[in-house]
Amino acid sequence: MKTNSDFQTKSFLADPILAEEMKADIQNEQGQGENVLNLSKYLVVGVLFGIVFVKAEIISWFRIQEMFRLDSFHMYGVIGSAIVVGMLSIQLIKKFNVKTLSGEEVKIAPKTFQKGQIYGGFLFGLGWALTGACPGPLFAQIGSGFLAVIITLLSAITGTWTYGALRAKLPH
Amino acid sequence: MNLLEMIRQPWPWYIAGPLIGLTVPALLLLGNKSFGISSSLRHVCAACMPANISFFKYDWKKESWNLAFVAGILIGGFLATQFLADPNEIVIAQATQDDLAALGLTSFSGLMPAELFSIEHIFTLKGLIFLVLGGFLVGFGTRYAGGGTSGHAIMGISNLQLPSLIATVFFMVGGFVGTLVLLPWFMSLI
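Residues numbered from 1 in each chain as written. Chains lettered and ligands numbered in written order. Predicted model: local features only at pLDDT ≥ 70, side-chain atom pairs only at ≥ 80, totals over all residues. Heavy atoms only, no water.

A. Region of interest: the overall build of chain A. Helices and strands together make up the secondary structure of chain A, namely 8 helices and 0 strands. Its helices and strands taken in sequence order, chain A reads α-α-α-α-α-α-α-α from the N to the C terminus. Taken across its 172 residues, chain A has 55% of its residues classed as buried. The contacts in chain A between residues at least 6 apart in sequence include a share of 49% that link residues at least 24 apart. Accessible area of chain A: about 7,400 Å², with a carbon and sulfur share of 69%. (Helix = DSSP H or I, 4+ residues; strand = E, 2+ residues; numbered from the N terminus. Buried < 20%, exposed > 50% of the residue type's maximum accessible area, 1.4 Å probe, protein only. Contact = heavy atoms within 4.5 Å. Areas by Shrake-Rupley, 256 points an atom, 1.4 Å probe, with all protein chains shown as cover.)

Below, the structure is given as structure tokens:
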């Protein structure tokens, strides 16, 4: 059956940069489809994740200031140990060929280098310092009752939309 | 000290970091999902206002797990703040407090400085800089870079991806410039 998404995938492949970008952005490698009940498990992981964000004060603007002023090890410890645990986990999954719950082989889309990682990375860093948040903590800040951050989130969505509108004109 | 009291204390990095790291295998094994959060902003664009832009014409429903995940983060933030909040005031490094006081901040309580992130500042220059401009840079920059702290710094580096290491280095460079150059300038304007 030819679906609408097949057609769109094809039109993406006509544009090499766009095709690369899609590869890097597709995070769902599961073959089988999922219903609302399946999606609830990601909600639960998100809830636990959000609790860690608040309890370790990762959503704090002050903690981000400490990090960029090199006045505290906390955020470096959090990100560093998260990378170590993530890296060990992926190595173990690959070594023992651990399958997903539905029995599929674990697949991770590779990242492709493009200049956006430099320019975009720098711009995001500026925003990280001003807002005290990367995209994840934005959601946890709003949940914590910092309702002004709803404006930050809407503006971040606008930023992403603007990138999408301008991307053909930007260096990659 | 009972368990609930312990949980209410601020969690040290060596507890929080590994828990965040475990999100990587949790998402992979639950359903072959690569950890990453900034893409959720793109999915919102694709779902709500694709505006015939090719970057937003894709099957966002296939990635809707990511929207469930960020909804969970919001709920988790609510639960932690309502039921597990630390009764004590946040402790901020003295050197950071001194630097920020020199820039004009006077209050160091709560997770976010009320002087910059209160509702009443939304329609002021403070709101324009810290909410609107800051948020725009986060959304524009992460998508231009193809990911943010979770997708590149944690998931990408965990998977030994050089592009992610490069992106992370520039996140940090931007953060240092934002903190040491932009912030003092903006604080002198407001």
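B. Layout of the packing of helix α8 (residues 149-166) of chain A against helix α3 (residues 39-48) of chain B. Where α8(A) contacts α3(B), the axes come no closer than 9 Å and their chain directions differ by 75°. Comparing the axis directions of α8(A) and α3(B) gives the class roughly perpendicular. Contact residues: A:L153, A:A156, A:I157, A:T160 and A:W161 in α8(A); B:L41, B:R42, B:V44 and B:C45 in α3(B). Looking at side-chain class alone, the contact of α8(A) with α3(B) contains 7 nonpolar, 1 polar and 1 charged residues. (Axes fitted to C-alpha atoms, helices over the stretch in contact; angles between N-to-C directions. Parallel < 35°, antiparallel > 145°, perpendicular 65-115°, else oblique. Nonpolar A, V, L, I, M, F, W, Y, C, P; charged D, E, K, R; others polar.)

C. Here's a closer look at the nonpolar core. The biggest cluster of nonpolar side chains holds 93 residues, and the ones touching the most others in it are A:W61, A:W128, B:I20, B:F35, B:F69 and B:I73. Summarising the domain contributions, this core has at least three residues from each of domain 1 (1-85) and domain 2 (91-190) of chain B. (Core = buried A, V, L, I, M, F, W, Y, C linked by side-chain atoms within 4.5 Å. Domains from an automatic or database assignment.)

D. Highlighting the pattern of salt bridges. Residues and elements named next belong to chain A. Summed over all chains, the structure comprises 4 salt bridges over all chains. We note a salt bridge from E66 to R63, for which the minimum N-O separation is 3.0 Å. Of this pair, E66 and R63 both sit in helix α4 (residues 61-68), 3 residues apart, roughly one helical turn. Taken as a pair, E66 and R63 share a single burial class, namely buried. (Salt bridge = Lys/Arg side-chain N within 4 Å of Asp/Glu carboxyl O.)

E. Fine view of the interface of chain B and chain A. Residue-level contacts link 138 residues of chain B with 123 residues of chain A. Taking both sides of the interface into account, the surface hidden between chain B and chain A amounts to around 11,400 Å²; carbon and sulfur atoms contribute 73%. When the area that chain B buries against chain A is broken down by residue, the three leading residues are B:N32, B:L111 and B:Y144, summing to 8%. Taken together, chain B and chain A are joined by 2 salt bridges. For the interface between chain B and chain A, the tally reads 42 residue pairs in polar contact (both at pLDDT 80 or more). (Buried area = accessible area lost by both parts, 1.4 Å probe. Polar contact = N/O pair within 3.5 Å; in protein donor to acceptor, adjacent residues only side chain to side chain.)

F. Spatial organisation of the layout of surface pockets. As a volume, the second largest pocket reaches approximately 290 Å³. In terms of lining, the second largest pocket is formed by 16 residues, of which the most central are A:V54, A:E57, B:A85, B:D86 and B:L111. Secondary-structure elements contributing two or more residues to the lining of the second largest pocket are α3 (36-55) of chain A together with α4 (64-83) of chain B. Counted by class, the lining of the second largest pocket contains 8 nonpolar, 4 polar and 4 charged residues. (1 Å grid on protein atoms, 1.4 Å probe; cavity = no way out; pocket = protein on both sides within 12 Å on 5 of 7 lines; lining within 4 Å. Points joined across faces, edges and corners; volume = space filled by probe spheres on them.)

G. Examining α3(A) more closely. Residue and element names in this part refer to chain A. When the terminal C-alpha atoms of α3 are compared, their 29 Å separation across 20 residues agrees well with the 28 Å that a helix rising 1.5 Å per residue should span. Along α3, the residues that are buried comprise L39, Y42, V45, G46, V47, F49, G50, I51, V52, F53, V54 and K55. Capping the start of α3 is the job of one residue whose side-chain oxygen sits 3.0 Å from the backbone nitrogen of L37: N35. One or two residues past the end of α3 sits E57, with phi positive at roughly 60°. (Expected span 1.5 Å × (residues − 1).)

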